[in-house]
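A look at the structure
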2 protein chains.
Amino acid sequence: MTGDARSWWGWGHTSAALDAAETEALVSRVAALLPGHDLTDHEPPDPRSLGVPASRVALPQSLAGLGSDDVVDRLGHARGKAFRDVVRNLQGDIAHVPDLVVRPRSEQDVVDVLDWCTASGTPVIPYGGGSSVVGGVEPRFDGPAVTLDLALLDRVLEVDPVSRAARIQAGVLGPALEDQLRPHGLTLRHFPQSFEFSTLGGWLATRAGGHFATLATHIDDLTESLRVVSPAGTGESRRLPGSGAGPSPDRMFLGSEGALGVITEAWMRLQQRPVWQRTASVGFTSYDDAVAATRAVAQAGLYPSNCRLLDPAEALINAGTTTVGGLLLVAFESADHPVDAWLDRALELLRDHGGTVLATRGRDGSAPTAPGDPDASQAWRSAFIRMPYQRDALARRSMLVETFETACTWDAFPAFHAAVTAAAQEAIGRVCGGLGVVTCRFTHVYPDGPAPYYGIYAAGRWGSTLAQWDEVKAAVSDAINAHGGTITHHHAVGRDHRPWYDDQRPAPFAAALRAAKSALDPAGVLNPGVIV
Amino acid sequence: MTGDARSWWGWGHTSAALDAAETEALVSRVAALLPGHDLTDHEPPDPRSLGVPASRVALPQSLAGLGSDDVVDRLGHARGKAFRDVVRNLQGDIAHVPDLVVRPRSEQDVVDVLDWCTASGTPVIPYGGGSSVVGGVEPRFDGPAVTLDLALLDRVLEVDPVSRAARIQAGVLGPALEDQLRPHGLTLRHFPQSFEFSTLGGWLATRAGGHFATLATHIDDLTESLRVVSPAGTGESRRLPGSGAGPSPDRMFLGSEGALGVITEAWMRLQQRPVWQRTASVGFTSYDDAVAATRAVAQAGLYPSNCRLLDPAEALINAGTTTVGGLLLVAFESADHPVDAWLDRALELLRDHGGTVLATRGRDGSAPTAPGDPDASQAWRSAFIRMPYQRDALARRSMLVETFETACTWDAFPAFHAAVTAAAQEAIGRVCGGLGVVTCRFTHVYPDGPAPYYGIYAAGRWGSTLAQWDEVKAAVSDAINAHGGTITHHHAVGRDHRPWYDDQRPAPFAAALRAAKSALDPAGVLNPGVIV
């Protein structure tokens, strides 16, 4: 069983939730920022007292040992971990709880479960770590549903140290994956914020974005081959470093979010652990300058491992740094060579664009080499990992705390950013009386554009925060679509993004995808409502 | 009209064919290598004397001005430019000549032609520069066919210098594309061997591989968005630097080889022209060492622009350099910074793996900085561009001269290479009496494997060289599939690679692709026989 120490209603491990001192510090900081907001704590309900209906589904005898109808297990799998999921859990909303949680022990179990689902017409939701923030794992439809939790398929099966690749089962969580690679001196080096609570299969099915700010950032680019079980059959692509043989077979399943098949294994490209690392924090007095400087680095062919531009609000809230124009965290790493030449040129470019180097750090976290902000990048990193736990503490106190992310071209960014920020602020004004903050950081940068990641912190009303957030989300999503962004850069589409996804998807591709879905899942049982 | 100066039967411009001195030098070199081979020259036939049947197809009045039924025009579009195409042309084989060559002047013309083809059930072959070496543009089926030559859609429509991208029509040939970008200080920097005679749309439809040995080598990675006309409708993906919204819409059309739709435009990612370039030639005394050294560079995160390992036969024939273990051409380039630190580290790695630096060169082709081979990389580059013309001269003299290309993991490479080489040599022995050479170079290298490119030079018999080559090709293709390679890394599938492509393609993906084809091309008129 997974989930012993996992929160059924909120993020992560119950033991890792904010302690009393952290909570007090957070609450007093928010109280200072949002004077007058009611910060009463609302504890989560007892899941066994919510009246979750009994399961309507029974597996056939041959598969019965795989299923769990435990109420807390089912509730814990009913939703992902978005703000709106946490709020609904806190309010005891028990709509759409799966009837069974099924945990296959082998790929054959996956085949058998899909066969039974297809024959019986029972919808089935492939489930990795359950960290979806887009409604990707929620049976948001009437009638029975089973959740297929791949947690037991958690092994690294084979390692090829020469090509630096490994065959890995899809259900493995991030830490267990890295633990199994470590003895080989190798790493996948894919560290999304959800790293502890998301799986390889989840990353693949949602085109997750990871550690690196440039080059291979999406999990797509780390994928050598995929093994997929669909109701129409099982298939595996060849292990190839590159190919031009027809449209990429893997790219049809990457991002298919469980609607076309269940990814059971993948050969993933690995790396040696970095030996050399250098990091710098660079401050700006103008945000326009900071954006231009970041673009210069993104287009220089230097390929930093980190290149995160925090706007002033983000720098203040999450890195504790006061800047007028923003803070850029830039880093280089290598397992092969010192990266000084790379960082030196990046800093030269940043200075040419009005940046001031606040601090640089070496490989082993040694003392900063410049005065000023002592360790903004470290402060930001710690905050990053703790953010979802803080989000939960604030959700209990009637706050709206959520993020949304996108990507657009550099050319479009100024107007895009102004429109999205204005839409967020207008919506916060309308539904929250204006008590709120919108922040922005770039999580990834490409030669042709950034991936901006926005944070919203606003004062809600207990009992209304779900509806309030949904209004803000609709407003910003409309702005994203109207100004040339994508509705998601790496959080996936799920059920929450469907209207905007459908709007941005080219019609011929939609027709092709619907046809592919019918061929692979003729009974339409795979994650209904997602993608097609 | 295109094609005024284009050879109807062979490669490129008729004016660029080998001159008398070049021909004599080539022939005498071959005569020395293959003593006893009959090198009689067989001139191409007069295309108007071949008895090509009259066109069986007439466009409707509204489109009539777009079509040409000229015999030489039709013959020039009947095939690509593979060895087997050239041989068939030289022998006056006129099977499967398209009935009309249709040249749309606008995207609406493309829509109208596809509508008419769908309504009348007339197969239509999208055609770029016609440089296919895999039977991709040949109406290899009974009944009428029209070829849709996009040559008139040859404009750069829009340039975004901030994001470094341009909206470009699909029918533009490489040189015209670069000519239009040059005033903006930008370049696509995609230079396949076919550069002069292939188009953006062709590169996209076949997942072409270009200039760079590492990072963005396939045209896929240079693509920001695509505009596609299919019989089921027209669609355009958003311009995005990255996205995680469902399976990539572009990746379904990249590599679709005209079977799912006609690419009419694309937004492509561009670069500044390089200012700093450094190149080195490194010799080895052991091929195993050379492979290990190349792998070390490919896995070091240095990302050379060139990293071509020529085996001893390739180095001798095409770079004029004698080595026991092979010759590595490695280069770095940048528009932003000197690349000395990059090259220095690469050379250090190569020396550590037994390499000897023969020469290095700077940006402007200045004198070599080391003794030894004065300019192997330049010699190889010139030979590279002239190779297809030499191939034609040799095809006229009963030689088998052809290439095939693939990719595999580093782990698999030694056994793979041995098996493929043995299969080629066995087949040459069987069908050519053993008079022949097999060469290998790496065109691209990835962290997890190389893309080997093989050359075959063998003595054939006039009238039998097609059948002889087909036997060699089948033998090497079987070996490629049996030992974990891909049937094509960047030449595409076409009709020639179909059996091996079908064998390597995962069954669920094949089912999905067939369904997508039916949805987009319900009458099945788009390039029948290709991909699905």
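Residues numbered from 1 in each chain as written. Chains lettered and ligands numbered in written order. Predicted model: local features only at pLDDT ≥ 70, side-chain atom pairs only at ≥ 80, totals over all residues. Heavy atoms only, no water.

Chain A is annotated in an unreviewed UniProt entry as FAD-binding oxidoreductase from Nocardioides aromaticivorans. Quoted straight from UniProt, the Sequence similarities (unreviewed entry) entry for chain A says "Belongs to the FAD-binding oxidoreductase/transferase type 4 family." (UniProt positions renumbered as here; feature names shortened; annotations may be inferred.)

Aligned on chain A, chain B shows an RMSD of 0.0 Å; the corresponding rotation is 180 degrees and the shift along the axis is 0.0 Å. The symmetry that links the two subunits is that of a two-fold axis. Most of the interface of chain B is mirrored in chain A: 100% of its interface residues are interface residues there too. (Least-squares fit on C-alpha atoms with pLDDT ≥ 70 in both. Contact = heavy atoms within 4.5 Å.)

Once that is clear, we can look at the interface of chain B and chain A. Listed by partner, the interface residues are 81 residues for chain B and 81 residues for chain A. For the pairing of chain B and chain A, the buried interface totals around 6300 Å² over both sides, and the portion due to carbon and sulfur atoms is 61%. Counting the surface chain B buries against chain A, the share from its top three residues, Arg238, Pro241 and Pro247 of chain B, is 11%. Counting across the interface, chain B meets chain A through four salt bridges. Salt-bridge contacts for Asp448 of chain A lead to Arg269 of chain B; the nearest nitrogen and oxygen are separated by 2.7 Å. Where chain B packs against chain A, one counts 30 residue pairs in polar contact (both at pLDDT 80 or more). For the side of chain B that touches chain A, the secondary structure elements donating two or more residues are strand S8 (223–230), strand S9 (233–236), helix H7 (249–253), helix H10 (340–352), strand S18 (449–459), helix H13 (465–482), helix H14 (498–504) and helix H15 (507–520) of chain B. (Buried area = accessible area lost by both parts, 1.4 Å probe. Salt bridge = Lys/Arg side-chain N within 4 Å of Asp/Glu carboxyl O. Polar contact = N/O pair within 3.5 Å; in protein donor to acceptor, adjacent residues only side chain to side chain. Helix = DSSP H or I, 4+ residues; strand = E, 2+ residues; numbered from the N terminus.)

Right, let's talk about the sheet that holds strand S1 (residues 67–68) of chain A for a bit. All names here are of chain A. As summarised here, the arrangement of the four strands in space is S1-S2-S4-S3, forming an open sheet in which the pairing is mixed. Taken across any chain shown, the strands that pair with only one partner, and hence form the sheet edges, are S1 and strand S3 (124–127). One ladder, built from three bridges, connects strand S2 (residues 100–102) with strand S4 (residues 146–149); its direction is parallel. Residue Leu100 lies in a different strand from S4, and its bridge partner there is Val146. Its contacts with the sheet place helix H4 (residues 107–120) against S2, S3 and S4, and it is angled at close to 165 degrees to S4. (Pairing = 2+ DSSP bridges. Axes fitted to C-alpha atoms, helices over the stretch in contact; angles between N-to-C directions.)

Take the sheet that holds strand S2 (residues 100–102) of chain B next. Sheets are built from strands that pair by backbone hydrogen bonding, the pairs being arranged parallel or antiparallel. Residues and elements named next belong to chain B. Taken together, the four strands give an open sheet; going across it, the order is S1-S2-S4-S3, and neighbouring strands pair in mixed fashion. Either end of the sheet is taken by a strand with one partner, and the two such strands are strand S1 (67–68) and strand S3 (124–127). Contacting S2, S3 and strand S4 (146–149), helix H4 (residues 107–120) runs over the sheet at an angle of about 165 degrees to S4.

Remark: a regular strand shows side chains that alternate across the two faces of the sheet. Residues and elements named next belong to chain B. Direction of pairing for S8 relative to S9: antiparallel, over a ladder of four bridges. Note on S9: the bridge partner recorded for Arg227 is Glu236. Between the antiparallel neighbours S8 and S9 lie two residues.

A word on a nonpolar patch on the surface. Taken together, the side chains of Leu215 and Tyr303 of chain A together with Tyr303 of chain B make up a nonpolar region of the molecular surface, amounting to roughly 230 Å² of accessible area. Tracing the sequence through the fold places Leu215 of chain A in the loop between helix H6 (200–206) and strand S8 (223–230). (Patch = residues over 30% accessible without salt bridge, like charges linked within 9 Å, V, L, I, M, F, W, Y side chains within 5 Å. Areas by Shrake-Rupley, 256 points an atom, 1.4 Å probe, with all protein chains shown as cover.)

Residues and elements named next belong to chain A. Per the counting criterion, the structure on display carries 14 aromatic pairs over all chains. Their ring planes at 85 degrees and their centres at 5.6 Å tell us that Trp11 and Phe197 sit as a pair that is edge-to-face. You can see Trp11 sitting in the segment before helix H1 (20–33) and its partner Phe197 sitting in the loop between strand S7 (186–187) and H6, a full 186 residues away along the chain. We note that Trp11, like Phe197, is buried. In textbook terms, an aromatic cluster arises when at least three aromatic residues are bridged by ring pairs, as seen for Trp410, Phe413 and Phe442. Between Arg239 and the ring centre of Trp267, over which it is positioned, the NZ or CZ distance is 3.8 Å. (Phe/Tyr/Trp six-rings, centres within 6.5 Å; stacked < 30°, edge-to-face > 60°. Buried < 20%, exposed > 50% of the residue type's maximum accessible area, 1.4 Å probe, protein only. Lys NZ or Arg CZ within 6 Å of the ring centre and 35° of its normal.)

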